[in-house]
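Examination of the molecular architecture
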Amino acid sequence: MPVSSAGGRRRGRGGQINYWPGFVDALSTLLLAIIFLISVFTVGQFFLSRELSGRDTVLDRLNRQIAELTDLLSLERSSRRTIEETVTSLQTTLQANEAERARLQSLLDSGGGAQVQADQLNTQLESERQATGRALSQVEILNQQIAAMRRQLAALEDALAASENRDKESQARIADLGSRLNVALAQRVQELARYRSDFFGRLRQILGNRPDVRIVGDRFVFQSEVLFPAGQATLRPEASGEIDRIASALIELERQVPPDIPWVIRVDGHTDQRPINTAQFPSNWALSSSRAIAMVQALVARGVQPKHLAATGFGEFQPLDNGTTEEAYARNRRIELKLTER
């Protein structure tokens, strides 16, 4: 069927226009855009998960420190209450001993035997005073320790609040980055779609109306017999003209596409479902991969940059026709060119 050079429309019987290739091209572009948006979402999720993981680690460490300080503070408060109770008991005992001392002092004037008992009580009273002084010193130390713990708790609370603020700022930055990345990727998808349309239009003009070259979706399909002998991966000499024209279109595309757009021409090799098992090609995968590599090497030899080419072998696993006739086998033996992102 004739192929129009303007936009991929085909005319069938009766002069009717077939819009199906253009529709498939639009669907392919939409699918690429969706795939890039999913990639952006995945990147954003990755950075967000890393930020949240770091924040959770800091929060767990701070919570453990707060719990330890809280336990220590509770223990110190319990010890302080015990010491305060001891001090109160000692003060009560001291007051009782002083009262007893006063009573004995009054008795001292009336009897010498009471002098010895008074000396013993004085010694005991002095010992109680020293113990009370040590207890008061311990209470003062505990008060200082409690005050230090309170300051540490306040510092931890401040650090926790600062960490939460940083987390909020990080989330805002990630959201802004995702939004800007979405816009940039959408622009890149649109630019690549435009260059793909121009490139395919150029190939249509170069290749003309050939029955052995078809457009399937967003790919140019060459029958293998046009380029390779049956069961081999060496290019036919008569295929040199076709490859020259394809290389010329690719070199022109390299000059047009900005260097910041990552694109490649994927050369896909396909075979029919009949198995091959030779010393050179032990499987259909080996044959299809070797043909794709041979095509890529031929394009590189004609000046196409290797970074813009990729060779892929699909074997017999991506058929266009599931039939078992010779016509179906011929349709499935093919080389496909697809402009896509790297």
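Small disclaimer: the values here were computed from a predicted structure and weren't measured.

What counts, and where the lines are drawn
Residues numbered from 1 in each chain as written. Predicted model: local features only at pLDDT ≥ 70, side-chain atom pairs only at ≥ 80, totals over all residues. Heavy atoms only, no water. Helix = DSSP H or I, 4+ residues; strand = E, 2+ residues; numbered from the N terminus. Buried < 20%, exposed > 50% of the residue type's maximum accessible area, 1.4 Å probe, protein only. Contact = heavy atoms within 4.5 Å. Areas by Shrake-Rupley, 256 points an atom, 1.4 Å probe, with all protein chains shown as cover. Phe/Tyr/Trp six-rings, centres within 6.5 Å; stacked < 30°, edge-to-face > 60°. UniProt positions renumbered as here; feature names shortened; annotations may be inferred. Patch = residues over 30% accessible without salt bridge, like charges linked within 9 Å, V, L, I, M, F, W, Y side chains within 5 Å. Salt bridge = Lys/Arg side-chain N within 4 Å of Asp/Glu carboxyl O. pLDDT = per-residue confidence, 0-100. Expected span 1.5 Å × (residues − 1). Arc of directions from axis to C-beta. Axes fitted to C-alpha atoms, helices over the stretch in contact; angles between N-to-C directions. Parallel < 35°, antiparallel > 145°, perpendicular 65-115°, else oblique. Left-handed = near helix turned anticlockwise from the far one by under 90°. Nonpolar A, V, L, I, M, F, W, Y, C, P; charged D, E, K, R; others polar. Pairing = 2+ DSSP bridges. Right-handed = clockwise from strand over helix to strand, strands pointing away. Core = buried A, V, L, I, M, F, W, Y, C linked by side-chain atoms within 4.5 Å.

1. Points about the overall build of the protein chain
When helices and strands are tallied, the protein chain shows 6 helices and 7 strands. Seen in sequence order, the protein chain has helices and strands lined up from the N terminus as β-β-α-α-β-β-α-α-β-α-β-α-β. Across the 342 residues that make up the protein chain, the buried fraction comes to 34%. Once local pairs closer than 6 in sequence are excluded, the contacts in the protein chain between residues at least 24 apart make up 74%. Accessible area of the protein chain: about 20000 Å², with a carbon and sulfur share of 54%.

2. So, the packing of aromatic side chains
As enumerated under the stated definition, the model contains 3 aromatic pairs in all. Ring plane angle 70° and centroid distance 5.6 Å describe the contact between F46 and F47, whose orientation is recorded as edge-to-face. Between the aromatic rings of W285 and F317, the centroid separation amounts to 5.0 Å while the plane-to-plane angle is 50°, which identifies the pairing as tilted. Residue W285 is located in helix 5 (residues 284-301), and its partner F317 is located in the loop between strand 6 (309-313) and helix 6 (326-332); the two are separated by 32 residues in the primary sequence. Given the relative accessible area of 48%, F317 is considered partly exposed.

3. Here we look at the UniProt feature "transmembrane region" (unreviewed entry) in the protein chain
UniProt's feature table lists "transmembrane region" (unreviewed entry) at residues 26-48, given in the numbering used throughout. A helix fraction of 100% and a strand fraction of 0% characterise residues 26-48, whose end C-alpha atoms lie 33 Å from each other.

4. Concerning a nonpolar patch on the surface
Taken together, W20, F23, L27, L30, I34 and I38 make up a surface patch of nonpolar side chains, about 610 Å² in accessible area. As for its placement among the helices and strands, W20 is situated in helix 1 (residues 20-108). For W20, a relative accessible area of 51% translates into the label exposed.

5. A short note on the confidence of the model for the protein chain
Segments scoring low in pLDDT should not have their predicted coordinates read at a detailed level. Taken residue by residue, the protein chain gives an average pLDDT of 80. The fraction at 70 or more is 80%. Ranking the elements of the protein chain by mean pLDDT puts strand 1 (residues 10-11) last with 51 and helix 5 first with 97. Here residues 1-9 is a poorly scored stretch, pLDDT under 50, and it has 18 contacts once near neighbours within four places are set aside; other chains count.

6. Describing helix 4 (residues 240-256)
For helix 4, built from 17 residues, the straight-helix expectation of 24 Å at 1.5 Å per residue is met to within 8% by its first-to-last C-alpha distance of 25 Å. For helix 4, the set of buried residues is E242, I243, I246, A247, A249, L250, L253 and E254. One side of helix 4 carries all its buried residues, which in axial view fall inside an arc of 160°.

7. Notes on the packing of helix 4 against helix 5
If you want to describe how two helices pack, look at the angle between their axes and the distance between the axes. Running from N to C, helix 4 and helix 5 cross one another at 65°; their axes reach a closest spacing of 9 Å. As judged from the angle between their axes, helix 4 and helix 5 are roughly perpendicular. For the pair helix 4 and helix 5, the crossing hand works out as right-handed. Across from I243, I246, A247 and L250 in helix 4, the residues of helix 5 making contact are M295, A298 and L299. Residue classes in the contact of helix 4 with helix 5 are distributed as 7 nonpolar, no polar and no charged.

8. Quick word on the pairing of strand 4 (residues 219-223)
Burial within strand 4 is extensive, with 5 of its 5 residues counted as buried. Going residue by residue along strand 4, you find R219, V221 and Q223 tucked away on one face and F220 and F222 tucked away on the opposite face as well. Two strands pair when backbone bridges link them, and strand 4 and strand 7 (residues 334-341) are joined in this way by 5 bridges, in the antiparallel orientation. Following the sheet pairing, R219 is matched in strand 7 by K338.

9. Digging into the environment of P21
Looking at the secondary structure, you find P21 in helix 1. P21 sits in the buried class, given a relative accessible area of 14%. Note: C-alpha distance between P21 and D218 (197 residues apart in sequence) is 8.4 Å.

10. Description of the pairing of strand 5 (residues 263-270)
The buried fraction of strand 5 amounts to 7 of the 8 residues, a majority that puts the element mostly inside the structure. When strand 5 meets strand 7, the two strands line up antiparallel, connected through 8 bridges. In the strand pairing of strand 7, V264 is matched with T340. As paired elements, strand 5 and strand 6 share 5 bridges and run parallel to each other. Bridging across to strand 6, G269 finds its partner in G313. In this fold, strand 5 hands off to helix 5, which returns the chain to strand 6; that crossover is right-handed.

11. Remarks on the nonpolar core
Membership of the largest hydrophobic core comes to 28 residues, with the highest contact counts inside it found for L227, I265, V267 and L299. Of all the secondary-structure elements, those providing two or more residues to this core are strand 4, helix 3 (224-227), helix 4, strand 5, helix 5 and strand 7. In terms of residue count, helix 5 provides more of this core than any other element does, 6 residues in total. Apart from residues no more than four positions distant in its own chain, V267 is found in contact with A292, M295, V296, A310, A311, T312, I335, E336 and L337. Membership of the second largest hydrophobic core comes to 9 residues, among which are L59, L73, M149 and L160.

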